[in-house]
Amino acid sequence: MTVEEKLHNLGLALPLPSVPADVYRRARRVGNLVYVAGHTPNIDSRLQPEYVGVVGRNITPELAKKGAQLSGLNILAALKAEVGSLDKVKGFVQILGYVRSAPDFGGQPGVINGASELFVALYGEGGLAARMALGTNELPEGACVEICAIAEVEPD
Amino acid sequence: MTVEEKLHNLGLALPLPSVPADVYRRARRVGNLVYVAGHTPNIDSRLQPEYVGVVGRNITPELAKKGAQLSGLNILAALKAEVGSLDKVKGFVQILGYVRSAPDFGGQPGVINGASELFVALYGEGGLAARMALGTNELPEGACVEICAIAEVEPD
Amino acid sequence: MTVEEKLHNLGLALPLPSVPADVYRRARRVGNLVYVAGHTPNIDSRLQPEYVGVVGRNITPELAKKGAQLSGLNILAALKAEVGSLDKVKGFVQILGYVRSAPDFGGQPGVINGASELFVALYGEGGLAARMALGTNELPEGACVEICAIAEVEPD
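Here we summarise the structure given alongside this text. (Residues numbered from 1 in each chain as written. Chains lettered and ligands numbered in written order. Predicted model: local features only at pLDDT ≥ 70, side-chain atom pairs only at ≥ 80, totals over all residues. Heavy atoms only, no water.)

**Some thoughts on the sheet that holds strand S6 (residues 130-136) of chain C**
Residue and element names in this part refer to chain C. Spatially, S1-S2-S7-S5-S6 is the arrangement adopted by the five strands of the open sheet, whose pairing is mixed. What marks the edges here is a single partner per strand, and that holds for strand S1 (27-30) and S6. Shown here is a sheet whose adjacent strand axes are inclined to one another by a mean of 15 degrees, direction ignored. Taken together, the seven bridges between strand S5 (residues 89-100) and S6 define a ladder with parallel strand orientation. The partner of arginine 100 across the bridge, within S6, is threonine 136. Packing of helix H3 (residues 108-123) onto the sheet brings it into contact with S5, S6 and strand S7 (145-153), and relative to S5 it is tilted by some 165 degrees. (Pairing = 2+ DSSP bridges. Helix = DSSP H or I, 4+ residues; strand = E, 2+ residues; numbered from the N terminus. Axes fitted to C-alpha atoms, helices over the stretch in contact; angles between N-to-C directions. Contact = heavy atoms within 4.5 Å.)

Structure (C-alpha cells):
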C-alpha cells in the first residue's frame, strides 16, 4: 500500500502544496534531508478561519490538535512536491511545533501530537521525530499552531 | 578521564533517559549528527516542581539557570542512550533554548548558559554551539525552560 | 561581481562579526552546512536601541523589518568569519525568525522578509530558505527580532 493510499484510508487528503506568499521556499533539500518551512492549518495556502485563535482561550486543545494534523498534511504536500512521492520519505528527523497559548496552558505536546500521530500512522517508527513542542503568544495571521520539520528521504 | 567521570567530579549525575509521554523520540541520529528532542528540567522523566513558573515573576534567573543545567543533563542522558557513551559525543552544533519569560525579562542567554556551561565543562570548545536563546510565554506543564540540541558524534 | 560588491551597491555594510557575550559560538560548520547562532539587530555586537521594543506596540512592522535586515547582516558577517568569504556561501537552507509581538500582531512573515529579501538580493534563488516566522513575547535585551540560520557553503 502506498503512503497516499494509507492517507486515503484514514479519510484524509493532501492539500495543494503551499505557495509561499513571502520570501521563502516551501522546502529545501540538502543531501537526504528535506527542510520543510513552517506550516499553519491551511488548505491550498489559505489559513482556515476555525484555527485562528488562542488555545486555552477560544480554541480547545482538541481543535488545535486537528489544526496540527492539517499543518502536518501541508508538510506532507511540501515533501511530495519536493521529492515526487511520499513513498520516498523515510521519516521525520526533527519537528518544531509551536502552539499559540493562553496563560497557563501547558498542553502543547498533546496538540502537536495531531501531526505526529499522522506521521506515525503513515511511516511507523519513522514518523517519530526528535520533537520540540512549546508555546508562543502570537503566530502569523493569528493561527493557533505552526509546525516545521526536517524529513529524511531516499537517496536519488 | 571519561566524560562521566568529569560529570561525577562536578557533583552531577545523569537522570534516566527520558521516556517520551507523547508521540516523539528522545533522539534521532542521521549520519554523525544526533537530533535531541526538547527537554525540560526533569529527573527521570518527571518535571521538578521548583522549575514550574515564569522567570522574572516567580522564578529567579539563577534558579532557571539551574533548570537549564538539568535540561542539559537530560540531553546528555538522551545522547548516551542513543550512542552508548558520552565519550562518543564530539560536541554540540546547535542549541535552541526557550525561557518562559515575564514581561520585560530579557536575560534569556544567561539562563541558557546553565546548559552551555555544563557542555563546555565536559567538552571544552566542542561544547560551544551555534545557539539561539529566546523567550516564550508558555511551555509544556508550565516549565520555566526547554532546550533542544543537535550534537555531533564519532562515526561508528 | 562579488557578494560584498553587491552589498555595497545596495548601500549596506557588514558589521563586525558578533562577539558572543555568553557561552556559545557565532557559527559552527559541519560538512557543507554552517549553523549560525541567533542574531538580533546589532552593530558590532551592540543591540541598537531603536530596535528595542514590541512590534505592534512601540515598534512598527516597517522598522522591525529593518531590524530583521540588520540581523541578516550579522548572520552574513558570521558566515564570512567562518568560511572566509561570502562568495563561498551557496545559499540558505533553514531560517528561524522570531518577532517580539504585541497581542494580535500576526505579521511576522513580513518582518522576517527584511532578512530574506537581503539574502535573495545577494544569492538569488539560493537566498530562499525553508523558513519559520513566528511570534514571541520576549527576546534577549528586549530586541524586537531574532533570527538564526543554516547556510550551505562550497566544499573546501
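**Notes on the sheet that holds strand S6 (residues 130-136) of chain B**
Residue and element names in this part refer to chain B. The strand order across the open sheet formed by five strands is S1-S2-S7-S5-S6, and the pairing between neighbours is mixed. Edge positions in the sheet fall to strand S1 (27-30) and S6, since each has one partner strand and no second. In this sheet, adjacent strand axes meet at a mean angle of 15 degrees when their direction is disregarded. Both S1 and strand S2 (residues 33-39) contribute to a ladder of four bridges, which runs antiparallel. Following the sheet pairing, valine 30 is matched in S2 by leucine 33.

**Quick look at the relation of the copies chain C and chain A**
When chain C is brought onto chain A, the operation consists of a screw motion whose angular component is 120 degrees and whose axial shift is 0.0 Å, with 0.0 Å RMSD remaining. On the angle and the small slide along the axis, the relation comes out as a three-fold axis. When the interface residues of chain C are mapped onto chain A, a mere 17% of them again fall at the interface, so the copies present different faces. (Least-squares fit on C-alpha atoms with pLDDT ≥ 70 in both.)

**Here we look at the packing of helix H2 (residues 61-83) of chain C against H3(C)**
Residue and element names in this part refer to chain C. Interaxial distance between H2 and H3 falls to 6 Å at its minimum, and their mutual angle equals 45 degrees. Taken together, the axis directions place H2 and H3 in an arrangement best described as oblique. Helix-helix and strand crossings are classified by hand; for H2 and H3 the assignment is right-handed. Judged by residue contacts, Pro61, Ala64, Lys65, Ala68, Gln69, Gly72, Leu73, Ile75 and Leu76 of H2 engage Gly110, Val111, Ile112, Asn113, Gly114, Ala115, Glu117, Leu118, Phe119, Leu122 and Tyr123 from H3. The residue makeup of the contact of H2 with H3, split by class, is 13 nonpolar, five polar and two charged. (Parallel < 35°, antiparallel > 145°, perpendicular 65-115°, else oblique. Left-handed = near helix turned anticlockwise from the far one by under 90°. Nonpolar A, V, L, I, M, F, W, Y, C, P; charged D, E, K, R; others polar.)

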